[in-house]
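One letter stands for each residue in the lines below.
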Amino acid sequence: MGGGPSSLPKVEAPEVAAEQKATLRTPPNAVVIGLTGGIASGKSTVCQVLEQQGGAIVLNADHFGHEAYKPGTACQAELVAHFGEQIINKEDGTVDRKTLGGLVFADPKEREALNAIVWPAIRDLLRQRVFEITNENPADRTAKLIVIEAAILIEANWMDLIDELWVVTTNVDTAKTRLMARNSMSEEDAMKRINSQISNEERRAVAHVDVPNEGDESALKDAVVAELEKLHARYSRLSAFEMVDVVDKEDQVQTTAKRAVVRAFNLISRCSYVVLVQQTSGKIFVQRRSDLKDSGPGLLDPAPGGVLGAGESYLLNAQREMAEEMGLPGLSLEHVSALWYEDGNERSWGTIFCAKVDADVSSLTLQPSEVSSVELMSPEEILTADPSQFLPGGLAAFKLWSSKQQ
Ligand SMILES: CC(C)(COP(=O)(O)OP(=O)(O)OC[C@H]1O[C@@H](n2cnc3c(N)ncnc32)[C@H](O)[C@@H]1O)[C@@H](O)C(=O)NCCC(=O)NCCS
Ligand SMILES: Nc1ncnc2c1ncn2[C@@H]1O[C@H](COP(=O)(O)OP(=O)(O)OP(=O)(O)O)[C@@H](O)[C@H]1O
């Protein structure tokens, strides 16, 4: 990997209409990594590598926390109302964090009170900063890499601010020793802070990327550089920045995510399939996928469609794909069936539609980035041909449609 700022990711993010942008969970022209991990797990060390090797802009939630209760803020007034004047430094009116820390790490109720006041303010500041970074130069479409470093990201429920979550893990004894050394803290105080946070198991359960930090600092740096390379690869793929719906095994929407994340971590997406039948002959319009496609380039697809964008319905997606890829706008589509599809590379819920059209191959307008050609094949030809020529999901959808014809 090249190293040095801006070596990642050198990708042009897609242009997104203003009204659509407002509905997106994370910015369309940035990858936002949430970096979490217990106190003294090694987050700042990881951030240094992300900054120096990945050109990342790091937003440290601890610093935003300190900014949130600067003198004169509503947040500081709320803290004083709850904890009293004892938490204010007389000389400059700032919050005395040592005193406040002593109160809240000794008492979970007091910590909850502090969190309820400060976490929403930190969240607002983080959102505002991400907005500023991703909107400061509209002409610059190079994707930015932003890292939100926050020990309490999961507890504070900030998953919706990020595209993917990385967790740095180190065992409790090591964290305690490093914390005592770095902050000249007693063992008791170090354990109070560690015990005020969730466990590594709880963090790993929601994280996309695990960065173990049990070796020396150079092993940690190597591990981060390796993860940066993987990040670069997943966001260099076509349509990596498109925001799509993520569903569970019951086809209920869980969240939205960039396609890069869905593909890399095998999340469940939604897709449409359209079996397009030529009215006069009963033959099927079979797409030959463009060589530019990053899944199944050059393969035949007897039930083309697409992955549903965030908030899109199956029907609208199918109609949009037929308009864009085949030049067939406003098709009247008949619902055929739902389809669960799973292979080593993807998992998806799909809806199969069928349309009968009075068209010839020559009357179609193909989208070259998606489709290189279209040919007419009879259902029998498709079912008896070598299946390895076909896109597996499209073939599965076609077979299901075919099984429902008498
Ligand atoms: C408790 C306070 C006054 C202690 O200040 P201090 O300067 O000693 O610590 P600092 O702010 O640098 O935080 C150091 C670390 O302590 C841990 N920590 C801080 N606050 C909390 C919390 N509410 N719950 C659990 N861990 C916490 C985190 O690991 C953090 O990285 C301060 O951390 C604070 O105001 N916390 C509430 C806001 C918050 O959650 N900040 C952390 C964002 S990651
Ligand atoms: N693999 C390692 N080997 C030795 N020391 C390490 C290693 N990783 C981190 N450290 C040291 O341990 C301490 C804690 O690391 P770091 O400051 O990166 O943690 P952090 O997660 O950012 O902490 P905090 O939660 O307090 O912000 C630092 O002094 C750092 O230099």
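Residues numbered from 1 in each chain as written. Chains lettered and ligands numbered in written order. Predicted model: local features only at pLDDT ≥ 70, side-chain atom pairs only at ≥ 80, totals over all residues. Heavy atoms only, no water.

*Asks:* How do you make sense of the packing of helix α3 (residues 61-68) against helix α6 (residues 108-135) when you look at a structure like this?
*Replies:* Relative orientation and spacing of two packed helices are given, respectively, by the angle between their axes and the distance between those axes. Relative orientation of the contacting elements α3 and α6 amounts to 110°, with a least axis distance of 9 Å. In terms of their interaxial angle, α3 and α6 are classed as roughly perpendicular. Pair α3 / α6 crosses with right-handed handedness. Two secondary-structure elements touch here, α3 through Ala61, Phe64, Gly65, Glu67 and Ala68 and α6 through Val118, Ala121, Ile122, Leu125, Leu126 and Arg129. (Axes fitted to C-alpha atoms, helices over the stretch in contact; angles between N-to-C directions. Helix = DSSP H or I, 4+ residues; strand = E, 2+ residues; numbered from the N terminus. Parallel < 35°, antiparallel > 145°, perpendicular 65-115°, else oblique. Left-handed = near helix turned anticlockwise from the far one by under 90°. Contact = heavy atoms within 4.5 Å.)

*Asks:* Looking at this structure, I do not really get the site of ligand 2. What am I missing?
*Replies:* Lining the immediate surroundings of ligand 2 are 16 residues, of which Lys43, Ser44, Thr45, Arg182 and Asn213 lie closest. Between ligand 2 and the protein, one listed contact pairs an oxygen atom with a side-chain N or O atom of Lys43 at 2.8 Å. For ligand 2, an oxygen atom lies 3.1 Å from a polar atom in the side chain of Glu217. Burial of ligand 2 by the surrounding chains reaches 79%, relative to a free accessible area of 630 Å². (Near = heavy atom within 4 Å. Polar contact = N/O pair within 3.5 Å; in protein donor to acceptor, adjacent residues only side chain to side chain. Areas by Shrake-Rupley, 256 points an atom, 1.4 Å probe, with all protein chains shown as cover.)

*Asks:* Sorry if this is basic, but what is going on with the pattern of salt bridges here?
*Replies:* Note on pairing: side chains with opposite charge can pair once their charged atoms come close. What the rule picks out here adds up to 20 salt bridges. Between Arg204 and Glu201 there is a salt bridge whose closest N-O contact spans 3.9 Å. Linking Arg204 with Glu201, this pair stays in helix α9 (residues 200-206), spanning three residues, or about one helical turn. A relative accessible area of 37% means that Arg204 is categorised as partly exposed. Two residues, Arg263 and Asp294, come together in a salt bridge whose shortest N-O distance is 3.5 Å. (Salt bridge = Lys/Arg side-chain N within 4 Å of Asp/Glu carboxyl O. Buried < 20%, exposed > 50% of the residue type's maximum accessible area, 1.4 Å probe, protein only.)

*Asks:* Sorry, what's going on with the packing of aromatic side chains here?
*Replies:* Where two aromatic rings form a pair, the distance of their centres and the angle of their planes describe that pair. One pass over the full model with this rule turns up three aromatic pairs. Taking the centre distance of 5.5 Å and the plane angle of 55° together, the rings of Tyr235 and Phe241 count as tilted. Grouping residues by exposure puts Tyr235 and Phe241 together as buried. (Phe/Tyr/Trp six-rings, centres within 6.5 Å; stacked < 30°, edge-to-face > 60°.)

*Asks:* Mind showing me how you'd approach the packing of helix α2 (residues 43-54) against helix α10 (residues 217-235) here?
*Replies:* Axis separation between α2 and α10 bottoms out at 10 Å; the angle between their running directions is 50°. Taken together, the axis directions place α2 and α10 in an arrangement best described as oblique. Relative to α10, α2 is oriented so that their crossing is right-handed. Between α2 and α10, the residues in contact are Thr45, Val46, Val49, Leu50, Gln53 and Gly54 and Glu217, Leu220, Lys221, Val224, Val225 and Leu228, respectively. Along the lines of polarity and charge, the residues of the contact of α2 with α10 split into seven nonpolar, three polar and two charged. (Nonpolar A, V, L, I, M, F, W, Y, C, P; charged D, E, K, R; others polar.)

*Asks:* Sorry, what's going on with the site of ligand 1 here?
*Replies:* Near ligand 1, the surroundings consist of 21 residues, among which His66, Tyr69, Arg97, Asn115 and Trp119 are the closest. Between ligand 1 and Asp62, the relevant distance is 2.8 Å, taken from an oxygen atom to a side-chain nitrogen or oxygen of the residue. Notes on ligand 1: free accessible area 740 Å², of which the protein chains cover 89%. Sorting the residues of the shell around ligand 1 by element identifies α3, α5 (97-104) and α6 as the ones contributing at least two each. It is α6 that provides the largest number of residues to the shell around ligand 1, a total of six residues. Each residue belonging to the shell around ligand 1 can be placed in one class, and the counts come to 13 nonpolar, four polar and four charged.

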